[in-house]
Every structure is written in structure tokens, then in C-alpha cells.
Amino acid sequence: MYIYLDGKIMKKEDAKISPFDHGYMYGIGLFETLAVYDGHPFLLDDHLSRLNEGLNSLAIDIELHRDEIFSIITRLLNKNNLSNAYVRLNVSAGVGDIGLSVEHYTKPTVIIYIKPLQVPVAEKAGVFLKTKRNTPEGKSRLKSHHFLNNVFGKREVGVDATKEGIFLSQKGFIAEGIVSNVFWVKNDKIYTPSLETGILNGVTRQFVMTLAKHNGLHIDEGLFKPDEMLMADEVFVTNSIQELIPIYKIDHRYFQGNKGMVFNTLKKQYNETKKSLWSRVDLHSFWKE
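Residues numbered from 1 in each chain as written. Predicted model: local features only at pLDDT ≥ 70, side-chain atom pairs only at ≥ 80, totals over all residues. Heavy atoms only, no water.

Q: Explain the sheet that holds strand β6 (residues 109-116) here, please?
A: In any sheet, the strands associate via hydrogen bonds between backbone groups, in a parallel or an antiparallel arrangement. The sheet built from six strands is open, its strands ordered β2-β1-β6-β5-β3-β4 with antiparallel pairing. A single partner strand is all that each edge strand has here, and the edge strands are β2 (8-11) and β4 (40-41). Sheet topology note: the strand β1 (residues 2-5)/β2 ladder contains four bridges and is antiparallel. Directly across from Y2, in β2, lies its bridge partner K11. (Pairing = 2+ DSSP bridges. Helix = DSSP H or I, 4+ residues; strand = E, 2+ residues; numbered from the N terminus.)

Q: Explain the packing of aromatic side chains here, please?
A: In this description, a pair of aromatic rings is defined by centroid distance and the angle of the planes. Considering all chains together, one arrives at twelve aromatic pairs under this definition. Measuring from centroid to centroid gives 5.3 Å for F42 and F207, while their planes differ by 85°, and the two rings are edge-to-face. Of this pair, F42 sits in the loop between β4 and α2 (44-57) while F207 sits in helix α5 (residues 203-214), and the two are 165 residues apart along the sequence. Residues F42 and F207 agree in their burial class; the two are buried. Ring geometry for W184 against Y191: centres 6.2 Å apart, planes inclined by 10°, an arrangement best described as stacked. (Phe/Tyr/Trp six-rings, centres within 6.5 Å; stacked < 30°, edge-to-face > 60°. Buried < 20%, exposed > 50% of the residue type's maximum accessible area, 1.4 Å probe, protein only.)

Q: It is not clear to me how the nonpolar core should be interpreted in this structure. Could you clarify?
A: One recurring pattern in soluble globular proteins: nonpolar side chains tend to sit buried together. Within the largest apolar cluster, 27 residues are counted, with the highest numbers of intra-cluster contacts made by I69, L89 and I112. Looking at this core, the elements with two or more residues in it are β3 (29-37), α2, α3 (66-79), β5 (85-92) and β6. Top contributing element to this core by residue count: α3, with five residues. In contact with I112, not counting residues within four places along its chain, are I3, Y4, I69, I72, L76, V87, R88 and L89. (Core = buried A, V, L, I, M, F, W, Y, C linked by side-chain atoms within 4.5 Å. Contact = heavy atoms within 4.5 Å.)

Q: Any chance you could explain α5 here in plain terms?
A: Within an α-helix, residues lying three or four positions from one another point in the same direction, as the helix has 3.6 residues per turn. Its twelve residues place the ends of α5 17 Å apart at the C-alpha level, agreeing with the 16 Å of an ideal helix rising 1.5 Å per residue. Every buried residue of α5 is accounted for by V203, T204, R205, Q206, F207, V208, M209, T210, L211 and A212. Within two residues after α5, G216 carries a phi angle of roughly 75°, on the positive side. (Expected span 1.5 Å × (residues − 1).)

Q: Is there a simple way to think about the layout of surface pockets in this case?
A: One simple way to see leftover space: roll a probe sized like a water molecule over the atoms. The calculated volume of the largest pocket comes to roughly 1000 Å³. Lining of the largest pocket is provided by 48 residues; of these, I178, V179, S180, N239 and Q242 occupy positions nearest its centre. Its residues placed into classes, the lining of the largest pocket shows 17 nonpolar, 17 polar and 14 charged. Considered as a void within the structure, the second largest pocket measures approximately 660 Å³ in volume. Every element with two or more residues in the lining of the second largest pocket is listed here: β3, α2 and α5. Broken down by element, the residue count for the lining of the second largest pocket peaks at seven residues, all from α2. Residue composition of the lining of the second largest pocket, by class: twelve nonpolar, twelve polar and nine charged. (1 Å grid on protein atoms, 1.4 Å probe; cavity = no way out; pocket = protein on both sides within 12 Å on 5 of 7 lines; lining within 4 Å. Points joined across faces, edges and corners; volume = space filled by probe spheres on them. Nonpolar A, V, L, I, M, F, W, Y, C, P; charged D, E, K, R; others polar.)

Structure, rendered in C-alpha cells:
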């Protein structure tokens, strides 16, 4: 497998970074994961927008643009003989002295990983985790290298790909999945945790909310206890690689799973757009075509 590292495409076995990279030493770095369908990096503009905003907040002096990243992804697809792929775009702070820095990072490390895109499971069982969702390090949660909380959550669930761990906040409100955002439906109304719970504002989360509004569906973002989710008709989770995955049960409570009407409507429209859209803001013009 070939990856991209600081201007060069190379075999993954040949890739090396400095032990003094502050992304390694102190976790100062961000990443985005996205799916490529038939050569098209779905919602790339939205991923870059979130990434660039986060890099600015971490004082990492780089701004990534669509043309540049699309060109690199295309080269990686060709080199690896792929048309559908999982892509991870990673930017770390770069080399620095031992000790915490308050200066801007001017020479970050940029890595783009790629691997074949796997078909996600059809539906999952949800599990409320004992591990509580940690609070963001700053004003809002960044998609950063600080993933230990997620690792502890994953260890609770284990390797079973048909189970989805669901975090509760420190105050006991529903937060998010281990690597996903959570939605549920009751009486044709969609509910999802507020960003106030400290969750990541997922790119797919935002896209699904935009889809829902185009369908005239009301969305309630708020602070919800687990019992409120357990009263739902449908439950599903979202992320940029697994797309939309229905939850058919949590504990002993069963839901409509992959037969859910709202889930199927949103999933169908997701599939219709994923080979062409660069951003959720393009959705309106897509429907008009």
C-alpha cells in the first residue's frame, strides 16, 4: 500500500516521522476520515473546512485546499489501483523541542493514508457504555489525536463489528457513539444530542441533518436521557465511512432497524449524492438538476 507523506507518495513501510513531532509527543494534531466513491471524495470541502478551522485553533500554520488534496487522493487511488477507498487525512504539529510550546507550528507533518473501502454491516445492536464521554479539551470537540477515551469505550464493546457503543456525558445525557453520531426517530420527528454535550459535530451528522430538513423533517437537538432514546421507533448512527447504520436494539428494547422508513429515506438520498457532492451546501442545487 502507498501513502502520502509531506509531498511524496511512498510505500507505507518506508514512511517515517521524527520522534520530536509534537503530534506524537503531545497529541497536537487533527485528522479527517472520508470515503471515496468511484474516484469522488464525498463532502471533501466540508472535511477540509472543519480541518482548517481546527488547525487554526491549534496554531498549526497550514491551510489545505480542494484542488491540492483531490490531486493527491487521485494519485493515491491510481497508485493503489483503487476507485473506492477509505482516506485518512492527518496533520500533526511537526517537529519541536521537548516541552510544551506556545509558538505557532510552521512546518506541520501531512500524511494521507488510504485503504480499500469495506462494505459496512447492515445493522447493529447498541450498547450504553460504562465509560463516560470526556469533555472537550477546548471550547468544542476537535477531531484530534486525543483518542484514549474512544479506545476505552471500544475495549468495552470488543471487536464485534455488529455492536455500537454509545457514550453518555458526565451528566448522564446521551452523547455519541465511539466513532459516530447518534439519531433516533419518534413519531416522524428526529432527535439528536446537542453539541452542548461535548460531541464532535460530525460531517456526516451535518449532512444528514441537511437531508432531513430537505425532506421537511423536524430535528430536535437537545439534552436527552437514555430512557428517551429507548422510546424511539428508529435509531441510527452516522459517520463518514460507515455512512448511516440502523440500530435494531439497545439492551432488551427493539427498534425498526433497517426497515425504518425515515432511515431508508435518508439512506437512499445519501446513496444518490455520494458520488458527486463536494459539500452539503451543494445539496439544494443537486435536487434542482
